[in-house]
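Take a look at the letters that make up each chain.
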Amino acid sequence: MLEVDVAIERGRFAIEARFASDAPIVALFGRSGAGKSSLVEAIAGLVRPRGGRIAVAGRTLFDSARAIDLPPEERRVGYVFQDALLFPHMAVRANLAYGERLTPARERFVDARRVVSLLGLERLLERLPATLSGGERQRVAIGRALMASPRVLLMDEPLASLDAPRKAQILQYVELLRDELRLPIVYVSHAIEEVTRLADHLVVMAEGRVVAQGPVAEVLGREEMVPFAGRFEAGAVFDTRVASHDEAFGLTRLAFPGGELVVANVDALVGEPVRARIRARDVALALEAPPRASFQNVLAAVVHSVGRDFGAIVDVTVALPGGERLVARVTRESVVRLGIAPGVEVFALVKAIAIDRRSVGFA
Amino acid sequence: MPTRDELEIVALSLKVAFWGVAVSLPVAVAAAFVLARKRFPGKTLFDAAVHLPLVLPPVVVGFGLLALFGRHGPLGRVLEPLGIVFAFRWTGAALAAAIMGFPLMVRAIRLAIDTVDTRLESAARTLGARRTRVFFTVTLPLAWPGLVTGALLAFARALGEFGATITFVSNIPGETQTLPLAIYTFTQVPGAEAPALRLSILSVLLSLGALALSEGLARRRGIARDA
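Summary of the structure given here. Keep in mind that this is a model prediction, so the values were computed, not measured.

### So, the overall build of chain B
Here is step 1 of the chain: A count of helical and extended segments in chain B gives eleven helices and zero strands.
Here is step 2 of the chain: Start at the N end of chain B and walk to the C end: the helices and strands fall as α-α-α-α-α-α-α-α-α-α-α.
Here is step 3 of the chain: Each principal axis of the C-alpha distribution contributes one length, and for chain B these read about 65 × 45 × 30 Å.
Here is step 4 of the chain: Burial statistics for chain B: of 227 residues in total, 40% are counted as buried.

So, in structure tokens, the structure goes:
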């Protein structure tokens, strides 16, 4: 359980944040400068809040009312920095051992060999940080934090400096950690695809405030989230399970309480959870189901609300029978022409579905 | 080849310079760390005090030392019963050398500490290291080239120290007569240019040796870091 309720002052910038979650991965999401990093620094004890309380796994790290303020070295939080911050004068082996040596034996629950094999560090042990690639450095940084047997892992934009293939690789490692070590993770990011892939609990920050929080699918489906997710990537998230595979056509049916989605073959067993993201720009609306069309997914829905327009474009939120929300990006002209208004029955035509996650956390 | 007397002078100079640097190095590291990383009222004053020997005439420093550490000086009187005597001893020459080299040492080390990313220190703390451990395992090793440079500068300064030494501990052959003092003595004697020249050449060789040694030390650690 992670509980944060703090006020932080950084120069003229004030941050106030309150959230609590026992989800495996909590994501702090927001643009750069929203106060996410200050918040994780406060959890780590590198920044002292003006007031409030921070507790991790039932242990109070900071409480201004009770004059508790543990120094960073006693907090037992693993901190993975954006730029790795490996000790440049030590080989990878010494970097990894740094925190492990300082952890009392009875507190150690992470096995060094396990970390090395989990993160694929076997061949890097004798190298110096300056000779490593960005992805290798980040893996070592994660390993170094883990070897101190932390009670929570804080990851501050760990992928920001990596290219796409490296990002995908590190994301897999993060999922492995979550599933194998059962270590709660606070993941800071400004990238929607990382957040939807990893997060269970989403905390959205803007200008030093928490503007939304809750389960990922629910939060990202909210219309007011569009500006935060970015216009291009905004959309709805569905937590589904694999219902069946159609081997002949290479399709997979994903079931969710309000219906079914058909997607190109997903590499998962029947019954396995899969998170699907449907971007608003990939959804069109129709008053009747098109009789002959290539759309695989035509979902009956009721218009919930018509969003504020960006010039010619409007985001329309529709509700599916099971209560799930879907956002469709259409022109303002279509809204007027089709008479789209709250309560109108429509069909949502889904052009593409992104699969963000093939496994779900341990909660 | 150098004569026995000349070798004795060199040995004394090396002893004075070595102890002057050895004793003041930890103090200089502490002062440099405080100046690089801490904020406190009176920091400017402290900074100025550290740099004072750099701007004062060495004779003034020597006179100050004499006033403080002489047999009848306030500190000399306290230290004498403890068996610590500086006045007219080689230890006094080492003290003078230490004081004169101190600002050079602090400057070099402070610059090196300034270049150490404080976030590396933060990372070490999140891994469970207390401040002193962070200092000895992260800050100091990364500032190593600055330490070597600072120590070398102070050592070279100590080998050349003249004004403060002669004022504080006089020019006693075998006790306080270091290389520069011996050279000076020869130049005061008519027709003794040859021995003065021989000592000067020795002095140059000594300085070159110290320079080469420090380059080697700094490079060994530097390569390990940048490779």
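### Let's talk about the overall build of chain A
Here is step 1 of the chain: Across its full length, chain A holds nine helices and 21 strands.
Here is step 2 of the chain: Considered along the principal axes of its C-alpha atoms, chain A spans approximately 65 × 50 × 35 Å.
Here is step 3 of the chain: Long-range contacts, defined here as pairs at least 24 residues apart, represent 68% of the contacts in chain A between residues at least 6 apart.

### Digging into the environment of Asn297(A)
All names here are of chain A.
Here is step 1 of the chain: Looking at the element boundaries, Asn297 is found in strand β17 (residues 297-310).
Here is step 2 of the chain: Taking the C-alpha atoms as reference points, Asn297 and Glu175, separated by 122 residues in sequence, lie 29 Å from one another.
Here is step 3 of the chain: Apart from the residues lying within four places of it in its own chain, the contact partners of Asn297 are Leu261, Val262 and Val350.

### Observations concerning the interface of chain B and chain A
Here is step 1 of the chain: Contact with chain B, which involves 18 residues of that partner, is made by 20 residues of chain A.
Here is step 2 of the chain: Elements that contribute at least two residues to the side of chain B that touches chain A include exactly α6 (118-126), α7 (131-142) and α11 (193-226) of chain B.
Here is step 3 of the chain: At seven residues, the largest contribution of residues to the side of chain B that touches chain A is made by α6(B).
Here is step 4 of the chain: Looking at the side of chain B that touches chain A residue by residue, the class counts come to ten nonpolar, three polar and five charged.

### Some details on the pairing of strand β13 (residues 251-256) of chain A
Residue and element names in this part refer to chain A.
Here is step 1 of the chain: The pairing of strand β12 (residues 235-246) with β13 spans five bridges and is classified as antiparallel. Paired with His245 across the two strands is Thr252, which belongs to β13.
Here is step 2 of the chain: If you look at the hairpin formed by β12 and β13, you'll find four residues sitting between the two strands, and Gly250 has a positive phi there, around 65°.
Here is step 3 of the chain: Pairing of β13 with strand β14 (residues 259-264), which is carried by six bridges, proceeds in the antiparallel orientation. Looking at β14, one finds that Phe256 is bridged to Gly259.

Cut-off values and rules
- Sequence order as written defines the numbering, with residues in each chain counted from 1.
- Think of it this way: whatever chain is written first is A, whatever ligand is written first is 1, and the rest follow in order.
- Only residues with pLDDT of at least 70 get local features here, since the model is predicted, and only at 80 or more are side-chain atom pairs given and counted; chain-wide, interface and lining totals rely on the full set of residues.
- In this description a helix means any DSSP run of H or I spanning at least four residues, a strand means any run of E spanning at least two, and both kinds are numbered starting from the N terminus.
- Burial is judged by counting the other C-beta atoms within 10 Å of a residue's own C-beta: 20 or more makes it buried, 12 or fewer makes it exposed, and any count in between marks it as partly exposed, with every C-beta position built from the backbone.
- By the convention adopted here, residues make contact when the C-beta atoms placed from their backbones lie within 7 Å.
- Gly is put with the polar residues, along with every residue not named as nonpolar or charged; the nonpolar set is Ala, Val, Leu, Ile, Met, Phe, Trp, Tyr, Cys and Pro, and the charged set is Asp, Glu, Lys and Arg.
- For two strands to count as paired, DSSP must find a minimum of two bridges between them.

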